[in-house]
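Survey of secondary and tertiary structure
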Amino acid sequence: MPQTFPLPYLLVAALCLAGLVTAGAVVAAEPPATAPAPAVDDSLGDTVTVTNTTNYVFPAGDGPSRQSYVRSDVDVAGAVATDVERLQGQHEVLRFEHRYDARNESEGRLVAVDETIDRTEARLDALNARQETLFSAYTDGSLSTDAFLRRLSRLDTAASESRNVLQRVRSRVRADLDTRLPVSTETRLAALRADLVAIPGRISTQVTATVRGEADPTTLYLQGTGNGLVLATVDETEYRRQATLRDEYTPDAPNQFALAEEEPISLAFDRARELYPWVSENLQSINRIAGFGDSDVYLIDLSHPHGDLRSYIHGGSTNVFHEEHRQNPDSLPVRLTASAENGSLGVSVAATAETGPMRVTVTSATTDVPTDAVVRVNGQPVGSTGGDGELWTIRPTGSFTVNATSGDGTSVVVSP
(Lines give C-alpha, C1' and ligand atoms only; values in the text may rest on other atoms or scores of the structure.)
Protein backbone atom coordinates (compact mmCIF):
# COMPACT_ATOMS: atom_id res chain seq x y z
CA MET A 1 0.00 0.00 0.00
CA PRO A 2 2.12 2.92 -1.24
CA GLN A 3 0.08 5.59 0.55
CA THR A 4 1.14 4.32 3.97
CA PHE A 5 4.89 4.83 3.53
CA PRO A 6 5.06 8.63 3.20
CA LEU A 7 2.73 9.25 6.15
CA PRO A 8 5.20 8.88 9.03
CA TYR A 9 7.70 11.10 7.26
CA LEU A 10 5.06 13.74 6.52
CA LEU A 11 3.87 13.58 10.10
CA VAL A 12 7.35 14.08 11.52
CA ALA A 13 8.06 16.92 9.10
CA ALA A 14 4.77 18.64 9.86
CA LEU A 15 5.29 18.26 13.61
CA CYS A 16 8.73 19.81 13.34
CA LEU A 17 7.48 22.62 11.15
CA ALA A 18 4.55 23.30 13.47
CA GLY A 19 6.92 23.50 16.40
CA LEU A 20 9.22 25.91 14.59
CA VAL A 21 6.43 28.13 13.36
CA THR A 22 4.20 28.21 16.41
CA ALA A 23 7.00 28.63 18.91
CA GLY A 24 7.27 32.33 18.10
CA ALA A 25 3.65 32.93 17.16
CA VAL A 26 2.33 34.11 20.54
CA VAL A 27 1.92 37.86 20.57
CA ALA A 28 0.92 40.27 23.28
CA ALA A 29 -2.81 40.33 23.84
CA GLU A 30 -4.87 43.47 24.10
CA PRO A 31 -6.51 44.14 27.50
CA PRO A 32 -9.86 42.37 27.92
CA ALA A 33 -12.95 44.41 27.09
CA THR A 34 -15.52 43.71 29.78
CA ALA A 35 -19.28 44.05 29.57
CA PRO A 36 -22.28 43.24 31.75
CA ALA A 37 -24.07 40.00 31.01
CA PRO A 38 -27.61 40.02 29.61
CA ALA A 39 -30.35 39.15 32.08
CA VAL A 40 -30.99 35.41 32.26
CA ASP A 41 -33.82 33.36 33.74
CA ASP A 42 -32.49 31.06 36.47
CA SER A 43 -35.22 28.52 35.79
CA LEU A 44 -33.96 28.29 32.20
CA GLY A 45 -30.30 27.89 33.02
CA ASP A 46 -28.21 30.52 31.21
CA THR A 47 -30.94 31.31 28.70
CA VAL A 48 -31.63 34.92 27.71
CA THR A 49 -35.32 35.55 27.04
CA VAL A 50 -36.06 37.48 23.85
CA THR A 51 -39.53 38.46 22.62
CA ASN A 52 -40.74 37.67 19.11
CA THR A 53 -37.78 35.48 18.24
CA THR A 54 -35.78 32.61 19.65
CA ASN A 55 -34.11 32.70 23.05
CA TYR A 56 -30.38 32.06 23.25
CA VAL A 57 -27.87 30.91 25.84
CA PHE A 58 -25.19 33.18 27.25
CA PRO A 59 -22.17 32.20 29.38
CA ALA A 60 -23.00 34.33 32.40
CA GLY A 61 -20.57 32.73 34.86
CA ASP A 62 -18.57 34.53 37.50
CA GLY A 63 -15.09 35.84 36.80
CA PRO A 64 -13.60 37.93 34.00
CA SER A 65 -15.44 38.74 30.79
CA ARG A 66 -14.03 39.74 27.43
CA GLN A 67 -15.47 40.59 24.05
CA SER A 68 -13.68 41.46 20.85
CA TYR A 69 -13.83 41.47 17.07
CA VAL A 70 -11.24 39.65 14.98
CA ARG A 71 -10.78 38.96 11.29
CA SER A 72 -10.28 35.28 10.53
CA ASP A 73 -7.95 34.98 7.56
CA VAL A 74 -5.20 32.76 6.14
CA ASP A 75 -2.67 31.87 8.84
CA VAL A 76 0.37 29.82 7.82
CA ALA A 77 1.14 28.69 11.36
CA GLY A 78 -2.51 27.75 11.91
CA ALA A 79 -2.72 25.90 8.61
CA VAL A 80 0.39 23.86 9.43
CA ALA A 81 -1.02 23.05 12.86
CA THR A 82 -4.27 21.77 11.32
CA ASP A 83 -2.24 19.70 8.86
CA VAL A 84 -0.53 18.06 11.82
CA GLU A 85 -3.90 17.13 13.31
CA ARG A 86 -5.15 15.81 9.96
CA LEU A 87 -2.06 13.66 9.48
CA GLN A 88 -2.38 12.28 12.99
CA GLY A 89 -6.01 11.42 12.30
CA GLN A 90 -5.16 9.71 9.02
CA HIS A 91 -2.36 7.84 10.71
CA GLU A 92 -4.75 6.59 13.40
CA VAL A 93 -7.24 5.36 10.78
CA LEU A 94 -4.50 3.51 8.89
CA ARG A 95 -3.19 2.07 12.14
CA PHE A 96 -6.64 0.75 13.02
CA GLU A 97 -7.27 -0.74 9.59
CA HIS A 98 -3.86 -2.42 9.50
CA ARG A 99 -4.36 -4.03 12.90
CA TYR A 100 -7.97 -4.94 12.16
CA ASP A 101 -7.12 -6.62 8.84
CA ALA A 102 -4.17 -8.43 10.40
CA ARG A 103 -6.47 -10.34 12.77
CA ASN A 104 -8.08 -13.42 11.27
CA GLU A 105 -10.63 -14.04 14.00
CA SER A 106 -13.48 -11.90 15.31
CA GLU A 107 -12.10 -11.77 18.85
CA GLY A 108 -8.78 -10.38 17.66
CA ARG A 109 -10.51 -7.75 15.52
CA LEU A 110 -12.52 -6.60 18.52
CA VAL A 111 -9.24 -6.16 20.39
CA ALA A 112 -8.10 -3.81 17.61
CA VAL A 113 -11.39 -1.92 17.98
CA ASP A 114 -11.00 -1.59 21.75
CA GLU A 115 -7.41 -0.40 21.40
CA THR A 116 -8.50 2.32 18.97
CA ILE A 117 -11.34 3.38 21.24
CA ASP A 118 -8.94 3.54 24.20
CA ARG A 119 -6.60 5.85 22.29
CA THR A 120 -9.48 8.02 21.08
CA GLU A 121 -10.85 8.28 24.59
CA ALA A 122 -7.46 9.47 25.87
CA ARG A 123 -7.24 11.92 22.98
CA LEU A 124 -10.68 13.37 23.81
CA ASP A 125 -9.70 13.82 27.45
CA ALA A 126 -6.73 15.84 26.23
CA LEU A 127 -8.95 17.85 23.85
CA ASN A 128 -11.35 18.63 26.67
CA ALA A 129 -8.48 19.99 28.76
CA ARG A 130 -7.22 22.00 25.78
CA GLN A 131 -10.64 23.54 25.25
CA GLU A 132 -10.91 24.56 28.90
CA THR A 133 -7.46 26.14 28.79
CA LEU A 134 -8.26 27.90 25.51
CA PHE A 135 -11.49 29.42 26.84
CA SER A 136 -9.79 30.61 30.03
CA ALA A 137 -6.82 32.10 28.18
CA TYR A 138 -9.08 34.09 25.87
CA THR A 139 -11.39 35.27 28.64
CA ASP A 140 -8.66 36.48 31.01
CA GLY A 141 -6.88 38.31 28.20
CA SER A 142 -3.66 36.28 28.29
CA LEU A 143 -4.13 35.15 24.68
CA SER A 144 -4.38 37.40 21.62
CA THR A 145 -7.35 36.98 19.32
CA ASP A 146 -5.15 35.80 16.44
CA ALA A 147 -3.52 33.15 18.62
CA PHE A 148 -6.97 32.15 19.86
CA LEU A 149 -8.23 31.52 16.31
CA ARG A 150 -5.10 29.54 15.51
CA ARG A 151 -5.61 27.27 18.51
CA LEU A 152 -9.35 27.04 17.94
CA SER A 153 -8.83 25.81 14.37
CA ARG A 154 -6.34 23.21 15.56
CA LEU A 155 -8.74 22.04 18.27
CA ASP A 156 -11.59 21.88 15.77
CA THR A 157 -9.50 19.81 13.36
CA ALA A 158 -8.37 17.42 16.09
CA ALA A 159 -11.97 16.87 17.15
CA SER A 160 -13.09 16.31 13.56
CA GLU A 161 -10.32 13.77 13.03
CA SER A 162 -11.32 11.94 16.20
CA ARG A 163 -14.87 11.77 14.91
CA ASN A 164 -13.59 10.39 11.61
CA VAL A 165 -11.69 7.67 13.46
CA LEU A 166 -14.82 6.62 15.35
CA GLN A 167 -16.89 6.65 12.17
CA ARG A 168 -14.30 4.51 10.41
CA VAL A 169 -14.35 1.99 13.25
CA ARG A 170 -18.13 1.68 13.07
CA SER A 171 -18.31 1.46 9.28
CA ARG A 172 -15.46 -1.06 9.09
CA VAL A 173 -17.07 -3.40 11.59
CA ARG A 174 -20.51 -3.06 10.03
CA ALA A 175 -19.07 -4.09 6.67
CA ASP A 176 -17.56 -7.19 8.29
CA LEU A 177 -20.29 -9.85 8.38
CA ASP A 178 -18.23 -12.04 10.71
CA THR A 179 -17.73 -9.45 13.45
CA ARG A 180 -20.32 -7.75 15.63
CA LEU A 181 -19.64 -5.10 18.26
CA PRO A 182 -20.71 -5.97 21.81
CA VAL A 183 -23.28 -3.68 23.43
CA SER A 184 -20.62 -2.36 25.81
CA THR A 185 -18.44 -1.29 22.88
CA GLU A 186 -21.37 0.35 21.09
CA THR A 187 -22.09 2.24 24.32
CA ARG A 188 -18.51 3.48 24.52
CA LEU A 189 -18.62 4.64 20.91
CA ALA A 190 -21.87 6.53 21.51
CA ALA A 191 -20.46 8.18 24.64
CA LEU A 192 -17.39 9.37 22.75
CA ARG A 193 -19.55 10.79 19.96
CA ALA A 194 -21.51 12.69 22.62
CA ASP A 195 -18.27 14.05 24.11
CA LEU A 196 -17.34 15.47 20.70
CA VAL A 197 -20.45 17.49 19.94
CA ALA A 198 -19.36 20.75 21.59
CA ILE A 199 -15.91 21.05 20.01
CA PRO A 200 -16.44 21.33 16.24
CA GLY A 201 -19.25 23.77 15.53
CA ARG A 202 -20.45 25.55 12.43
CA ILE A 203 -18.44 28.70 13.11
CA SER A 204 -15.29 27.07 14.46
CA THR A 205 -15.26 24.83 11.38
CA GLN A 206 -15.62 27.98 9.27
CA VAL A 207 -12.66 29.49 11.12
CA THR A 208 -10.59 26.42 10.27
CA ALA A 209 -11.48 26.81 6.59
CA THR A 210 -10.43 30.47 6.54
CA VAL A 211 -7.17 29.75 8.38
CA ARG A 212 -6.37 27.11 5.74
CA GLY A 213 -7.31 29.43 2.87
CA GLU A 214 -10.26 27.23 1.91
CA ALA A 215 -12.91 29.91 2.59
CA ASP A 216 -13.18 33.68 2.32
CA PRO A 217 -11.97 35.71 5.31
CA THR A 218 -14.63 36.71 7.81
CA THR A 219 -14.97 39.00 10.82
CA LEU A 220 -15.92 37.26 14.04
CA TYR A 221 -17.33 38.49 17.32
CA LEU A 222 -15.99 36.71 20.41
CA GLN A 223 -17.47 36.80 23.91
CA GLY A 224 -15.83 34.89 26.74
CA THR A 225 -17.30 34.75 30.23
CA GLY A 226 -16.42 32.27 32.95
CA ASN A 227 -16.13 28.83 31.40
CA GLY A 228 -18.09 29.64 28.24
CA LEU A 229 -17.61 31.17 24.83
CA VAL A 230 -19.75 32.80 22.15
CA LEU A 231 -18.71 33.14 18.50
CA ALA A 232 -20.87 35.01 16.02
CA THR A 233 -20.62 36.24 12.45
CA VAL A 234 -23.00 37.83 9.97
CA ASP A 235 -23.29 39.07 6.41
CA GLU A 236 -26.21 40.39 4.40
CA THR A 237 -27.73 36.92 3.98
CA GLU A 238 -26.94 34.90 7.11
CA TYR A 239 -26.28 35.32 10.82
CA ARG A 240 -24.55 32.54 12.73
CA ARG A 241 -24.04 32.26 16.46
CA GLN A 242 -22.37 29.46 18.39
CA ALA A 243 -22.25 29.26 22.20
CA THR A 244 -20.54 26.66 24.39
CA LEU A 245 -21.22 26.58 28.15
CA ARG A 246 -18.82 24.05 29.63
CA ASP A 247 -20.29 24.30 33.13
CA GLU A 248 -23.62 22.93 31.88
CA TYR A 249 -21.95 19.72 30.67
CA THR A 250 -22.04 17.61 33.85
CA PRO A 251 -21.26 13.97 32.98
CA ASP A 252 -20.78 13.03 36.64
CA ALA A 253 -24.32 14.08 37.57
CA PRO A 254 -27.25 11.64 37.25
CA ASN A 255 -29.31 11.93 34.08
CA GLN A 256 -32.44 13.72 35.27
CA PHE A 257 -34.35 12.71 32.15
CA ALA A 258 -33.72 9.02 32.90
CA LEU A 259 -35.15 9.18 36.44
CA ALA A 260 -38.77 9.47 35.28
CA GLU A 261 -41.00 6.87 33.68
CA GLU A 262 -41.20 8.69 30.34
CA GLU A 263 -38.69 8.27 27.56
CA PRO A 264 -35.63 10.47 28.29
CA ILE A 265 -35.56 11.86 24.77
CA SER A 266 -39.20 13.00 25.11
CA LEU A 267 -38.37 14.79 28.34
CA ALA A 268 -35.36 16.41 26.66
CA PHE A 269 -37.65 17.70 23.92
CA ASP A 270 -40.08 19.01 26.54
CA ARG A 271 -37.19 20.85 28.16
CA ALA A 272 -36.24 22.36 24.79
CA ARG A 273 -39.77 23.65 24.33
CA GLU A 274 -39.53 25.24 27.77
CA LEU A 275 -36.18 26.84 26.95
CA TYR A 276 -37.32 28.09 23.53
CA PRO A 277 -41.05 28.89 23.84
CA TRP A 278 -41.20 31.16 20.77
CA VAL A 279 -39.61 28.45 18.62
CA SER A 280 -42.06 25.91 20.02
CA GLU A 281 -45.03 28.15 19.22
CA ASN A 282 -43.74 28.95 15.72
CA LEU A 283 -42.22 25.59 14.87
CA GLN A 284 -41.89 24.92 11.15
CA SER A 285 -40.18 21.56 11.22
CA ILE A 286 -38.42 19.13 13.54
CA ASN A 287 -35.22 18.37 11.68
CA ARG A 288 -33.86 15.95 14.23
CA ILE A 289 -34.33 14.87 17.83
CA ALA A 290 -31.68 12.38 18.82
CA GLY A 291 -29.69 10.87 21.63
CA PHE A 292 -26.25 9.29 21.58
CA GLY A 293 -26.77 5.72 22.69
CA ASP A 294 -27.09 5.57 26.47
CA SER A 295 -25.32 8.88 26.99
CA ASP A 296 -27.04 11.83 28.66
CA VAL A 297 -26.63 14.19 25.68
CA TYR A 298 -29.62 15.07 23.50
CA LEU A 299 -29.72 16.95 20.20
CA ILE A 300 -32.72 19.12 19.36
CA ASP A 301 -32.60 20.47 15.78
CA LEU A 302 -35.55 22.70 14.83
CA SER A 303 -36.54 25.17 12.10
CA HIS A 304 -38.58 28.32 12.73
CA PRO A 305 -39.55 31.44 10.73
CA HIS A 306 -36.23 33.19 11.41
CA GLY A 307 -33.95 30.24 10.64
CA ASP A 308 -32.88 27.11 12.48
CA LEU A 309 -31.72 26.13 15.94
CA ARG A 310 -29.42 23.28 16.93
CA SER A 311 -29.33 22.76 20.69
CA TYR A 312 -27.50 20.15 22.76
CA ILE A 313 -28.99 19.54 26.21
CA HIS A 314 -27.27 17.61 28.98
CA GLY A 315 -29.35 15.33 31.16
CA GLY A 316 -27.25 16.04 34.24
CA SER A 317 -27.92 19.80 34.26
CA THR A 318 -31.07 19.64 32.04
CA ASN A 319 -29.67 22.76 30.40
CA VAL A 320 -28.09 23.64 27.07
CA PHE A 321 -24.31 23.24 26.95
CA HIS A 322 -23.84 23.89 23.23
CA GLU A 323 -26.09 25.88 20.91
CA GLU A 324 -25.96 26.98 17.28
CA HIS A 325 -28.24 29.47 15.55
CA ARG A 326 -28.44 30.17 11.84
CA GLN A 327 -30.84 32.97 10.90
CA ASN A 328 -31.78 35.56 8.30
CA PRO A 329 -30.54 38.86 9.77
CA ASP A 330 -33.33 40.86 8.11
CA SER A 331 -35.96 38.70 9.79
CA LEU A 332 -34.93 39.44 13.37
CA PRO A 333 -36.74 42.19 15.31
CA VAL A 334 -34.82 45.45 15.74
CA ARG A 335 -34.32 46.38 19.41
CA LEU A 336 -32.29 49.57 19.12
CA THR A 337 -31.83 52.36 16.58
CA ALA A 338 -29.61 55.43 16.61
CA SER A 339 -28.15 57.90 14.14
CA ALA A 340 -25.78 60.84 13.93
CA GLU A 341 -24.19 63.07 11.31
CA ASN A 342 -21.15 65.29 11.03
CA GLY A 343 -21.22 67.77 8.19
CA SER A 344 -21.10 65.64 5.06
CA LEU A 345 -21.48 62.18 6.63
CA GLY A 346 -24.50 60.49 8.20
CA VAL A 347 -24.51 57.17 10.08
CA SER A 348 -27.44 55.09 11.31
CA VAL A 349 -27.46 51.91 13.39
CA ALA A 350 -30.21 49.29 13.63
CA ALA A 351 -29.44 46.52 16.12
CA THR A 352 -31.19 43.35 17.23
CA ALA A 353 -30.64 41.72 20.65
CA GLU A 354 -27.16 41.66 22.24
CA THR A 355 -24.70 39.45 20.32
CA GLY A 356 -27.18 39.54 17.43
CA PRO A 357 -26.96 41.19 13.98
CA MET A 358 -26.46 44.97 13.72
CA ARG A 359 -26.70 46.95 10.49
CA VAL A 360 -24.64 50.10 10.01
CA THR A 361 -25.64 52.43 7.17
CA VAL A 362 -23.44 55.31 6.01
CA THR A 363 -24.64 57.98 3.57
CA SER A 364 -23.87 61.48 2.47
CA ALA A 365 -25.63 63.80 4.92
CA THR A 366 -26.62 66.14 2.11
CA THR A 367 -27.59 63.76 -0.71
CA ASP A 368 -28.36 60.44 1.07
CA VAL A 369 -26.05 58.72 -1.41
CA PRO A 370 -24.49 55.52 0.05
CA THR A 371 -20.91 56.11 1.17
CA ASP A 372 -18.00 53.72 1.67
CA ALA A 373 -16.59 54.04 5.18
CA VAL A 374 -14.48 52.04 7.62
CA VAL A 375 -16.57 50.98 10.63
CA ARG A 376 -15.34 50.40 14.17
CA VAL A 377 -17.30 49.13 17.15
CA ASN A 378 -15.87 50.13 20.53
CA GLY A 379 -12.74 51.18 18.66
CA GLN A 380 -12.24 47.79 17.00
CA PRO A 381 -12.42 47.55 13.16
CA VAL A 382 -15.25 45.36 11.89
CA GLY A 383 -15.17 46.10 8.14
CA SER A 384 -16.27 48.73 5.64
CA THR A 385 -19.66 49.58 4.19
CA GLY A 386 -18.62 49.35 0.54
CA GLY A 387 -20.41 50.89 -2.39
CA ASP A 388 -23.93 50.23 -1.04
CA GLY A 389 -23.16 52.05 2.21
CA GLU A 390 -24.21 49.12 4.43
CA LEU A 391 -22.34 46.77 6.72
CA TRP A 392 -23.68 43.96 8.86
CA THR A 393 -21.81 43.29 12.07
CA ILE A 394 -22.54 41.92 15.56
CA ARG A 395 -23.98 44.02 18.36
CA PRO A 396 -21.77 43.61 21.44
CA THR A 397 -22.97 43.12 25.00
CA GLY A 398 -23.56 46.25 27.07
CA SER A 399 -23.10 49.85 25.97
CA PHE A 400 -21.13 50.54 22.82
CA THR A 401 -20.14 53.12 20.23
CA VAL A 402 -20.03 52.88 16.43
CA ASN A 403 -17.53 54.97 14.50
CA ALA A 404 -17.60 55.41 10.71
CA THR A 405 -14.76 57.10 8.83
CA SER A 406 -15.02 57.92 5.12
CA GLY A 407 -12.17 58.11 2.65
CA ASP A 408 -11.73 61.88 3.08
CA GLY A 409 -11.22 61.43 6.81
CA THR A 410 -14.68 62.54 7.92
CA SER A 411 -15.71 60.61 11.02
CA VAL A 412 -19.01 60.15 12.81
CA VAL A 413 -19.58 58.48 16.17
CA VAL A 414 -22.92 56.96 17.15
CA SER A 415 -23.51 56.10 20.81
CA PRO A 416 -26.84 54.25 21.03
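Everything below is about the structure printed above this text.
**Points about unusual backbone geometry**
The phi angle at N52 is positive, at roughly 65 degrees, despite the residue not being glycine. Among the structural elements, N52 can be located in the loop between β1 (47-48) and β2 (56-57). By relative accessible area, N52 is classed as exposed at 54%.

**A look at helix α6 (residues 202-211)**
The α-helix advances 3.6 residues per turn, and as a result positions three or four apart in sequence lie on the same side. Counting buried residues along α6, eight of its 10 residues qualify, which places the element largely inside the surrounding structure. When we look at burial in α6, the residues that qualify are R202, I203, S204, V207, T208, A209, T210 and V211. In the stretch just after α6, G213 is the one whose phi turns positive, near 75 degrees.

**Points about the sheet that holds strand β18 (residues 411-414)**
Across a sheet, paired strands are connected by hydrogen bonds in the backbone, their directions being either parallel or antiparallel. Here four strands make up an open sheet; going across it, the order is β15-β14-β17-β18 and the pairing antiparallel. With partners counted over all chains shown, the strands left at the sheet margins are β15 (380-384) and β18, one partner each. Strand-to-strand twist of the sheet, defined as the mean angle between neighbouring strand axes without regard to direction, takes the value 20 degrees.

**Some points on the packing of aromatic side chains**
As enumerated under the stated definition, the model contains six aromatic pairs in all. Judged by centre distance (5.4 Å) and plane angle (50 degrees), the rings of F96 and Y100 are tilted. Residue F96 and its partner Y100 are both found in helix α2 (residues 76-102); the two are separated by four residues, about one turn of the helix. Exposure remark for Y100: the relative accessible area of 0% places this residue in the buried category. Among the aromatic residues, those joined into a cluster by ring pairs are Y249, Y312 and F321.

**A few points about the sheet that holds strand β8 (residues 297-304)**
Spatially, β3-β4-β5-β6-β10-β9-β8-β7 is the arrangement adopted by the eight strands of the open sheet, whose pairing is antiparallel. Edge positions in the open sheet fall to β3 (65-72) and β7 (285-291), since each of these has one partner strand only. Within the sheet, the average angular offset between the axes of one strand and its neighbour, ignoring direction, is 10 degrees. Alignment of strand β4 (residues 218-225) against strand β5 (residues 228-234), held across five bridges, turns out to be antiparallel. In the strand pairing of β5, G224 is matched with L229. Sheet strands touched by helix α3 (residues 106-139): β3, β4, β5 and β6 (239-245). Its angle to β3, the strand with the most contacts, is close to 100 degrees.

**Some remarks on the pattern of salt bridges**
Applying the stated criterion to the full structure yields 28 salt bridges. A salt bridge links R86 to E214, with the nearest nitrogen and oxygen atoms 3.9 Å apart. Of this pair, R86 sits in helix α2 while E214 sits in the loop between α6 and β4, and the two are 128 residues apart along the sequence. In this structure, R168 and E97 form a salt bridge, with 2.3 Å as the shortest nitrogen-oxygen distance. Pair noted here: R168 is in helix α4 (residues 145-174) and E97 is in helix α2, with a separation of 71 residues, a long-range link.

**Thoughts on the packing of α3 against helix α5 (residues 183-196)**
When two helices pack together, their arrangement is given by the angle between the helix axes and by the axis-to-axis distance. Between α3 and α5, the least distance of the axes is 11 Å, while the angle of their chain directions is 25 degrees. Judged by the angle between their axes, α3 and α5 are roughly parallel. Here α3 runs over α5; the crossing is left-handed. Seen from α3, the contacting residues are V113, D114, I117, D118, T120, E121 and L124; seen from α5, they are T185, R188, L189, L192, D195 and L196. For the contact of α3 with α5, the residue count by class is six nonpolar, two polar and five charged.

**Here we look at the side chain of S65**
Mapped onto the elements of the fold, S65 is located in strand β3. For S65, a relative accessible area of 8% corresponds to the buried category. There is a polar contact of 3.0 Å between the side chain of S65 and the side chain of Q223. Within the structure, the side chain of S65 is placed 3.3 Å from the side chain of T225, a separation counted as a polar contact.

Criteria and thresholds
- Residues numbered from 1 in each chain as written.
- Predicted model: local features only at pLDDT ≥ 70, side-chain atom pairs only at ≥ 80, totals over all residues.
- Heavy atoms only, no water.
- Helix = DSSP H or I, 4+ residues; strand = E, 2+ residues; numbered from the N terminus.
- Buried < 20%, exposed > 50% of the residue type's maximum accessible area, 1.4 Å probe, protein only.
- Pairing = 2+ DSSP bridges.
- Axes fitted to C-alpha atoms, helices over the stretch in contact; angles between N-to-C directions.
- Phe/Tyr/Trp six-rings, centres within 6.5 Å; stacked < 30°, edge-to-face > 60°.
- Contact = heavy atoms within 4.5 Å.
- Salt bridge = Lys/Arg side-chain N within 4 Å of Asp/Glu carboxyl O.
- Parallel < 35°, antiparallel > 145°, perpendicular 65-115°, else oblique.
- Left-handed = near helix turned anticlockwise from the far one by under 90°.
- Nonpolar A, V, L, I, M, F, W, Y, C, P; charged D, E, K, R; others polar.
- Polar contact = N/O pair within 3.5 Å; in protein donor to acceptor, adjacent residues only side chain to side chain.

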